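Single-letter residue listing:
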Amino acid sequence: MLRRADTVQVVATGTLIFLIIGGAGVGVLTLALLGSGVLHIGHPDVDGPVSLEAVAGFTGAFGFGAAIVNEMLGGRTPGMIAAAVAGGAFAAVPTAWLAARLSRAARNMRTDATPTRDHLAGAMGLVVTPIPSGGYGEVRVRLAGQPVKLNARADGPIPIGARIFVVEALSETSVHVETY
């Protein structure tokens, strides 16, 4: 009678070490992205010649690449582990270069200026709540391509649906208008 033999697959020690190195790279990348973007740790230009994202990309790709090569070779000898290190470095160098390029491109990306109340003067729009004499109503104007609803005053009453022209921004949320 044959007994069923249970086999347990053992992960090579080198592979485990490489996986830990790869995980550390992912951890460093998480800190780099969250630390500079959300938590505001450090100044974005203090990376020096090598960015933290590039170091994280190199470390992660090296660890995971070396672990893959080590498992494929069955890395139990020093020569096979050296080959795994070479395979990890082969994966890590282009990954670090790409991470450095992408992080630099994201940091130096041009964006439009944030609209301020100075940009309201001259905007055209519609009255959405009638403007009474000596009181406030509401108007909707387009500012930087986005619809913005503002409180509005006028020299005389203006009915709902009338086209208006912003003469002056009284505050961040209120304007003085005239009919157009």
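Residues numbered from 1 in each chain as written. Predicted model: local features only at pLDDT ≥ 70, side-chain atom pairs only at ≥ 80, totals over all residues. Heavy atoms only, no water.

S.K.: How should the sheet that holds strand E3 (residues 146–153) be read in this particular structure?
M.R.: Strand pairing in a sheet relies on backbone hydrogen bonds. The paired strands run either parallel or antiparallel. Taking strand neighbours around the barrel as the criterion, the five strands line up as E1-E2-E3-E5-E4 in a closed arrangement whose pairing is mixed. Adjacent strand axes in the sheet meet at a mean angle of 55 degrees when their direction is disregarded. Examined bridge by bridge, strand E1 (residues 124–129) and strand E2 (residues 137–143) share four bridges and lie antiparallel to one another. Bridge pairing in E2 places Val127 opposite Val139. (Pairing = 2+ DSSP bridges. Helix = DSSP H or I, 4+ residues; strand = E, 2+ residues; numbered from the N terminus. Axes fitted to C-alpha atoms, helices over the stretch in contact; angles between N-to-C directions.)

S.K.: Any chance you could explain the pairing of strand E5 (residues 174–179) here in plain terms?
M.R.: If a strand is regular, its side chains alternate between the two faces of the sheet. Examined bridge by bridge, E3 and E5 share three bridges and lie parallel to one another. Each bridged residue has a counterpart across the sheet, and for Arg153 the counterpart in E5 is His176. Two elements, strand E4 (residues 163–169) and E5, share five bridges in a ladder whose sense is antiparallel. Along E5, the bridge assignment pairs Phe165 with Glu178.

S.K.: What should I look at first to understand the packing of aromatic side chains in this one?
M.R.: The description of an aromatic ring pair uses the distance of the two centres, along with the angle that the planes make with each other. Enumeration according to the criterion identifies two aromatic pairs in this entry. With centroids separated by 6.1 Å and ring planes inclined at 90 degrees, the aromatic side chains of Phe18 and Phe62 adopt a geometry described as edge-to-face. With Phe18 in helix H1 (residues 13–37) and Phe62 in helix H2 (residues 52–73), this pair connects stretches of sequence that are 44 residues apart. On the basis of relative accessibility, which here comes to 6%, the residue Phe18 falls in the buried class. Ring centres of Phe58 and Phe62 lie 6.3 Å apart, and the angle between their planes is 5 degrees; this geometry places the pair in the stacked category. Note that Phe58 and Phe62 are positioned in helix H2 at a spacing of four residues, about one turn of the helix. On the accessibility criterion, Phe58 (34% relative accessible area) is partly exposed. By relative accessible area, Phe62 is classed as buried at 16%. Among the aromatic residues, those joined into a ring-pair cluster are Phe18, Phe58 and Phe62. If you follow Arg153 out to its NZ or CZ, it ends over the ring of Tyr136, 5.0 Å from the centre. (Phe/Tyr/Trp six-rings, centres within 6.5 Å; stacked < 30°, edge-to-face > 60°. Buried < 20%, exposed > 50% of the residue type's maximum accessible area, 1.4 Å probe, protein only. Lys NZ or Arg CZ within 6 Å of the ring centre and 35° of its normal.)

S.K.: Quick question: what am I supposed to make of the confidence of the model for the chain here?
M.R.: Any segment with low pLDDT has predicted coordinates that should not be analysed in fine detail. Taken over all residues, the pLDDT of the chain has a mean of 85, while the share at 70 or more is 86%. Taken element by element, the chain is modelled with least confidence in H1, mean pLDDT 84, and with most confidence in E1, mean pLDDT 95. Low pLDDT (under 50) marks residues 38–42, which in the prediction has five contacts with non-local residues, meaning those over four places away or in another chain. (pLDDT = per-residue confidence, 0-100. Contact = heavy atoms within 4.5 Å.)

S.K.: Please explain helix H3 (residues 78–107) as it appears in this structure.
M.R.: Each α-helix turn comprises 3.6 residues. Residues three or four places apart therefore point the same way. With 30 residues, H3 should cover 44 Å at 1.5 Å per step; its first-to-last C-alpha distance of 42 Å lies within 8% of that length. Looking at H3, one finds that the buried residues are Ala84, Gly87, Gly88, Ala92, Ala96, Ala99, Ala100 and Ser103. (Expected span 1.5 Å × (residues − 1).)

S.K.: Sorry if this is basic, but what is going on with the environment of Gly75 here?
M.R.: Among the structural elements, Gly75 can be located in the loop between H2 and H3. We classify Gly75 as buried; its relative accessible area is 4%. A sequence separation of 62 residues divides Gly75 from Thr13, and the C-alpha atoms of the two residues are 8.9 Å apart. Other than its neighbours up to four places away in sequence, Gly75 contacts Ala12, Asn70, Met80 and Ile81.

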